[in-house]
Amino acid sequence: MATIKDIAKLAGVSHGTVSNVLNKRGNVSVEKIEAVYKAAKQMGYQLNTQAQLLRTNKSHKIAILLPQLVSDKYAIFFNSFRQSISLYPEITYDLFLTDDLETTELDALQKIAAGGYKQVVAVSCLQDANTYFDTLKLPASQIVFIYRQPANAHHFFTLDFSQAAEAICQQIATSRSQLVGIFSDEHGELEHSTFVSELQKSLKQCAPNKKYIVIRASNDESYKAAFDFFTLDQTPDLFVAEDIEKASFLTQASFFGSNSDCPAIFALSGNIPPILKGLHCFPMNYAQLGLEVVDELMKEDELESENLGANTVYVRNQSGNLYTATPALSTVNKDEPSLNLLILPSPSTNALKKLLPHFYRQTGIKVNLAIHPYDEVYQILGQLHLHPYYDLLRIDMACFPWFAERILQPLDNVGNGLTDLLSSFSKPTQQKFSLVGDTAYAMPFDASAQLLFYRKDLFEDPILRRRYYEKTGNELAVPTSFHEYDQVTQFFTEQHEKGQFSRPIGASTTLGSAGLIASEYLLRYYAEGGRLIEGDGIPRLEMPLAGKVLSDYLHQVSVTENIHEKWWSESVRQFEQGELAMLIAYMNLFNDVAHSDIFPKIGYASVPGGLPQLGGGALGVSRYSQKSHYAEQFYRWLYSPIVMDHLILLGGNSNHQDFSHNQEICHRYPWMPLAYQEINRGIRESSIPNGKLFNLRQAEVIIGQGITNVVNKIMTIEETIEYINQRLLVDTQGER
């Protein structure tokens, strides 16, 4: 096996240089780094990561003890923990499964004590946490217990079972059931603060007339124990199961061991529960629990304190909704009702299309999607009197205020009123995507903001990092200003090797549409403190700032991949194929990339300058529509928690506040929490401060056309800014 000495000899460098390169330290030139890597690869040398961690004093191992990985509450927690801890590359972990057996757990503790673990996370079946402290000789602050709280536990994390118990008991109270069967885990003496204890409390408060019986069983015994419910003198006429696995066992036991259909079952589940008739699921945020435990462990590590006070954390769901299969429409309307929805192509449109059969099944109302490109939608909206057959309109937020009063019905006038649905959205989102003045005209549909996406592997590449340092004297880092962004872009473009995945072009500029050109320019303009609308309410670009920003933009055009398309789809495709190092994009266009091979290499951050432009659109009801009550049914279906959940999981977009911390969504689209924040602080100047409206869409076209004149060398920068301002003054105000 090759040694460091062998590599040094082949590479023609010192032993110390090889050590510095492999351990990513020291001041080593690009030429020597490349020589060491080439020699190491040639000799088949693979760096021993554990040895490297030990040499750099970064050895940090965490032990995780779980009963098993069959149940959602353990499997989802562990998966979330694994994903969250991956953000700390110096940390490793090992999983120990105990099968809820004391002897197995005690054996695991002996192995952990001998293994040099620094922190421990455990679901314990032991009664006293002192067994952990005495065996492991770790500070109490470094051992986190979850779900079950042994005596003397220092850190305890669990879910807010009282929230789930209350939601379920409120439903039970309205049912005709007389005897409730509760099927739970066997917790032994660790019964306080569990789901069953909270459920018993809630039943006494919400349904004191209901009787209940509790059967507890370990995972291995649960299948057999489920049959015990059906051998009782009185069989329960409603069940509550502690997890979806126990609910499944109850259906099996009912099918084989009962003469009657299975009663309704209420169960705790993960964030994507099964939707079946008779099954009522309360989604628990098992994944959020994993995230918060990691945050706590990292906080403890940073504070390096052994004397922090004990704490108990209850992770609460964002909403308290039960998911179930609602009855389908039982009558058939001969005159099949329908709604016509004008919309543009997007991931959210694709997701909605997949869910519409459910709306039809529930209501008998068919929704016809008329999918048109952005420019065609804008033209139709401008002449909507020629298209009175549209009932629902997806309007881009840039022109939403301009059109709202003229072509939309206020939400209060739709059916019995819809403004109550807005409570699920933040005030900034309502202001930009719903309100014109004090009147709500639409619901936010696919609210979006610009984010910076980048290739993590490139920013971590030691050769590129060294070359960048030698060229600029700075560390290669994710840019936070446009000066840094342009510098990094130029560097990557200069390093570009066609067809080489590790050497892409720095970034792209989309030049096929005036609106897109304006969007990319205005992002820079806002980052420098510029505004399109000042105190006098007259739209204009301010000199000399506008000229400087335009000069910077032109330089960017010269060092980026110029894409002559009318939308950003090609830019997103090139990033997905590894042809771009960075991309500034509206995040609602980016969700499909989450399912591509490049996903693990994607990093994301706020745009340079920290002030993103907003995108996406709002959903309103045409003033010409005569189907107000059908439209109300559609809105209440679309903005229900269960449908919004699945819209996002299918790749759609929403700024619905209940889902900003949903870990299943954050796992699939990890930029969602950041995007939620960016939407709340983003900018799109679609109205004038004094309440007067102007046509932002037209303004962006004017700006883009003016910039095109500079790109084509038809005008100077000064002439272009003057041309843009003259047209903004005349063409963006007046009659709509």
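It should be noted that the structure appears before, not after, this text.
Residues numbered from 1 in each chain as written. Predicted model: local features only at pLDDT ≥ 70, side-chain atom pairs only at ≥ 80, totals over all residues. Heavy atoms only, no water.

(A) How the structure looks around the sheet that holds strand β24 (residues 617-621). Taken in spatial order, the five strands make up an open sheet running β13-β12-β14-β24-β17, and their pairing is mixed. Edge positions in the sheet fall to β13 (366-371) and β17 (442-444), since each has one partner strand and no second. Between one strand axis and the next, the sheet turns through 25 degrees on average, direction left out of account. As judged from the five bridges shared by strand β14 (residues 392-396) and β24, these two strands associate in the antiparallel manner. Paired with I395 across the bridge in β24 is A618. Lying on the sheet, helix α13 (residues 347-363) is in contact with β12 (338-343) and β13; it crosses β13 at an angle near 165 degrees. (Pairing = 2+ DSSP bridges. Helix = DSSP H or I, 4+ residues; strand = E, 2+ residues; numbered from the N terminus. Axes fitted to C-alpha atoms, helices over the stretch in contact; angles between N-to-C directions. Contact = heavy atoms within 4.5 Å.)

(B) Just the state of the cysteines, in detail. In this structure the tally under the stated criterion is zero disulfides. Considering cysteine sulfurs only, C169 is the nearest to C206, which forms no disulfide, with 5.5 Å between them. Residue classification places C206 among the partly exposed positions, given a relative accessible area of 30%. (Disulfide = S-S within 2.5 Å. Buried < 20%, exposed > 50% of the residue type's maximum accessible area, 1.4 Å probe, protein only.)

(C) The arrangement of the packing of helix α8 (residues 161-173) against helix α9 (residues 195-206) in detail. In the contact formed by α8 and α9, the axes pass within 8 Å of each other and the chain directions differ by 40 degrees. When the interaxial angle is binned, α8 and α9 end up oblique. Judged by the twist between their axes, the crossing of α8 over α9 is right-handed. Packed against α8, whose contacting residues are F161, S162, A164, A165, E166, I168, C169, Q170, I172 and A173, the element α9 presents F195, E198, L199, S202, L203 and C206 at the interface. Residues that form the contact of α8 with α9 fall into these classes: eleven nonpolar, three polar and two charged. (Parallel < 35°, antiparallel > 145°, perpendicular 65-115°, else oblique. Left-handed = near helix turned anticlockwise from the far one by under 90°. Nonpolar A, V, L, I, M, F, W, Y, C, P; charged D, E, K, R; others polar.)

(D) Layout of the pairing of strand β8 (residues 238-241). Burial along β8 is two-sided: the residues L238 and V240 and F239 and A241 are all buried. Note: strand β6 (residues 179-185) against β8, four bridges, orientation parallel. Following the sheet pairing, G181 is matched in β8 by F239. As paired elements, β8 and strand β9 (residues 264-269) share four bridges and run parallel to each other. By the bridge assignment, A241 is partnered in β9 with A267. For the crossover from β8 across helix α11 (residues 244-257) to β9, the handedness is right-handed. (Right-handed = clockwise from strand over helix to strand, strands pointing away.)

(E) The arrangement of the packing of aromatic side chains in detail. A full pass over the atoms with the stated rule returns 35 aromatic pairs. Considering the side-chain rings of F255 and F256, the 5.0 Å spacing of their centres and the 90 degrees angle between planes classify their relative orientation as edge-to-face. In this structure F255 comes out as exposed when scored by relative accessible area, which is 65%. Through pairs of rings, three or more aromatic residues link up here, namely F359, F425, F634, Y635, W637 and Y639. (Phe/Tyr/Trp six-rings, centres within 6.5 Å; stacked < 30°, edge-to-face > 60°.)

(F) Summary view of helix α14 (residues 374-382). Buried within α14 are the following residues: Y374, V377, Y378, I380 and L381. Projection of α14 onto a plane perpendicular to its axis shows the buried side chains occupying an angular sector of 165 degrees, all on one side. Elements in contact with the buried residues of α14: β12, β14, α15 (400-407) and α27 (696-711). (Arc of directions from axis to C-beta.)

(G) Structural context of the pairing of strand β1 (residues 60-66). Counting buried positions along β1 yields seven of seven residues, so the element is predominantly enclosed. A two-sided burial pattern is seen for β1, the buried positions comprising H60, I62, I64 and L66 on one face and K61, A63 and L65 on the other. Where β1 and strand β2 (residues 91-97) come together, seven bridges link them in parallel fashion. Bridged to H60 within β2 is I91. With respect to chirality, the unit in which β1 leads through helix α5 (residues 72-85) into the neighbouring parallel β2 is right-handed. Inspection of the sheet shows β1 paired to strand β3 (residues 119-122) by four bridges, in the parallel sense. Considered in β3, the bridge of I62 is made with Q119.

(H) Inspection of unusual backbone geometry at higher detail. A cis amide bond links M543 to the next residue, P544, at an omega of 5 degrees. Although it is not a glycine, D100 sits at a positive phi angle of roughly 60 degrees. Relative to the elements of secondary structure, D100 occurs in the loop between β2 and α6 (102-114).

(I) The packing of helix α20 (residues 514-527) against α27, seen in detail. α27 packs onto α20 with a crossing angle of 85 degrees between their chain directions and a minimal axis gap of 7 Å. If you check the angle between α20 and α27, you find them roughly perpendicular. On α27, the residues touching A514, G515, I517, A518, Y521 and L522 of α20 are R697, E700, V701, I703, G704, Q705, I707 and T708. The class makeup of the residues in the contact of α20 with α27 is eight nonpolar, four polar and two charged.

(J) Up close: the environment of C399. Structurally, C399 is set in the loop between β14 and α15. Considered as a pair, C399 and L381 are 18 residues apart in the sequence and their alpha carbons are 9.8 Å apart. Setting aside chain neighbours within four positions, we find C399 in contact with Y378 and R697.

(K) Spatial organisation of the environment of H60. Along the polypeptide, H60 turns up in strand β1. Spatially, the C-alpha atoms of H60 and Y117 are 7.0 Å apart, while their sequence positions differ by 57 residues. In this structure the side chain of H60 is engaged in a polar contact, spanning 2.9 Å, whose partner is the side chain of Q119. (Polar contact = N/O pair within 3.5 Å; in protein donor to acceptor, adjacent residues only side chain to side chain.)

(L) The arrangement of the nonpolar core in detail. By size, the foremost hydrophobic cluster in this structure holds 44 residues, and its most contacted members are F81, I146 and Y147. When residues of this core are assigned to their parent elements, the largest contribution, seven residues, is made by α8. Discounting chain neighbours no more than four positions away, the residues touching Y147 are K73, Y74, F77, V123, F156, F157, T158, L159, F161, Y286 and L289. Core analysis: the next-biggest nonpolar cluster, separate from the first, contains 31 residues, L356, F359, L421 and A631 among them. (Core = buried A, V, L, I, M, F, W, Y, C linked by side-chain atoms within 4.5 Å.)

(M) Broad picture of the sheet that holds strand β5 (residues 155-159). Across the sheet, six strands lie side by side as β2-β1-β3-β4-β5-β11; this open sheet has parallel pairing. In this open sheet, the two strands that pair with only one neighbour each are β2 and β11 (311-315). Sheet twist, expressed as the mean angle between neighbouring strand axes with direction ignored, is 20 degrees. The pairing of strand β4 (residues 143-146) with β5 spans three bridges and is classified as parallel. The partner of F145 across the bridge, within β5, is F156.

(N) A look at the side chain of S508. With respect to the element layout, S508 can be found in strand β19 (residues 508-510). S508 gets classed as buried once you look at its relative accessible area, which sits at 7%. Among the polar contacts made by the side chain of S508, one reaches the side chain of S571 at a distance of 3.3 Å. Residues in contact with S508, not counting those within four places in the same chain, are Q556, T560, E561, I563, S571, L580 and L583.

(O) How the structure looks around the pattern of salt bridges. Counted under the stated rule, the structure contains 24 salt bridges. D391 is the salt-bridge partner of K627, the closest N and O atoms lying 3.8 Å from each other. Highlighted residues: K627 in the loop between β24 and α23 (628-638) and D391 in the loop between α14 and β14, separated in sequence by 236 residues. A residue is classified by how much of its surface remains accessible, and K627, at 25% relative accessible area, is partly exposed. With a relative accessible area of 3%, D391 lands in the buried category. In this structure, D461 engages R503 in a salt bridge whose closest nitrogen and oxygen atoms are separated by 4.0 Å. Placement of the pair is D461 in the loop between α17 (456-459) and α18 (462-472) and R503 in the loop between α19 (482-495) and β19, with a sequence separation of 42 residues. The burial state of D461 is the same as that of R503; both residues are buried. Within the structure, one salt-bridge network assembled from shared partners comprises K73, D185, D243 and K246. (Salt bridge = Lys/Arg side-chain N within 4 Å of Asp/Glu carboxyl O.)

Coordinates in, geometry out; function isn't part of it.
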